[in-house]
Amino acid sequence: MAKKHLEIERRWLLRGLPDLVILLAIGVERAERTTVYVVSDPDLELRIRQQSSNGEITYPVVTKVGSGLMRQESPKLFANADIFNHYYITLDKPYLVKNHWIIPLETGRKLEINRFTQPKFYGLILAEMEFESEEAANSFGDNDFPEWLKPLIIKEVTDDTRYNGKNLAVHGRPKPE
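Our subject in this report is the structure included herewith.

Rules used throughout
Residues numbered from 1 in each chain as written. Predicted model: local features only at pLDDT ≥ 70, side-chain atom pairs only at ≥ 80, totals over all residues. Heavy atoms only, no water. Helix = DSSP H or I, 4+ residues; strand = E, 2+ residues; numbered from the N terminus. Rg over C-alpha atoms; globule rule 2.2 N^0.38 Å. Contact = heavy atoms within 4.5 Å. Phe/Tyr/Trp six-rings, centres within 6.5 Å; stacked < 30°, edge-to-face > 60°. Buried < 20%, exposed > 50% of the residue type's maximum accessible area, 1.4 Å probe, protein only.

1. Brief notes about the overall build of the chain
Within the chain, the regular secondary structure consists of four helices and eleven strands. Over its C-alpha atoms the chain spans a radius of gyration of 16 Å, differing by no more than 12% from the 16 Å that the globule rule assigns to 177 residues. Across its three principal directions, the C-alpha atoms of the chain cover 45 × 40 × 35 Å. Counting only contacts in the chain whose residues sit at least 6 apart along the sequence, the fraction spanning at least 24 positions is 56%.

Okay, structure coming up:
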């Protein structure tokens, strides 16, 4: 029997992007991502992504089950441009387009920031961080963020399913509270 892989991830809504000078000084990785949601059942997502980074284009395919802090995730498989385009163009499935930055932190963790680039998502920026355990995720507090990020955080949205990528693609940007 295959071992189940858990994705343990927290998510925050941001009011803007960090200063570019800070990102360049830290040595950030940047990618362009288009993610197509092939299956968008309430408890299951199957997605295929076109990711362009450092001149290389890849097409990872992932399934995720559940919502919130911990979700079951399949190991990444890889598709090709023809399969991606079949769902993206031919079948016109829900999708997201975003700029994606991976920022190494002094703690050894990686903070990922996504700026959604479709007009209907103008200004939507989310940060996310993966953890090795539920305990590590729950013990991560506001004081653990780098000082340059703290003023940008509006609120945590880990348990708000409206900010899940699949739900953003299918239902659009959440209305302000």
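2. Some remarks on the packing of aromatic side chains
In this description, a pair of aromatic rings is defined by centroid distance and the angle of the planes. Applying the stated criterion across every chain, the model contains eight aromatic pairs. When the centroid spacing of 5.7 Å and the interplanar angle of 45° are considered together, the rings of Tyr59 and Phe84 count as tilted. Here the residue Tyr59 occupies a position in the loop between strand 4 (56-58) and strand 5 (60-65), and Phe84 occupies one in helix 2 (residues 81-90), the gap between them amounting to 25 residues. Residue Tyr59 is classed as buried on the basis of its relative accessible area of 12%. Given a relative accessible area of 1%, Phe84 falls into the buried group. Following the ring pairs from residue to residue traces out a cluster consisting of Trp12, Phe131, Phe140 and Phe145.

3. Some thoughts on unusual backbone geometry
Unusually for a residue other than glycine, Asn54 sits at a positive phi of about 55°. The residue Asn54 is located in the loop between strand 3 (44-53) and strand 4 in this model. The class for Asn54 is exposed, based on a relative accessible area of 76%. With a phi angle near 50°, Asp92 is a residue other than glycine that sits in the positive phi range. In this fold, Asp92 is placed in the loop between helix 2 and strand 8 (95-104). Take Asp92: its relative accessible area is 58%, and that puts it in the exposed class.

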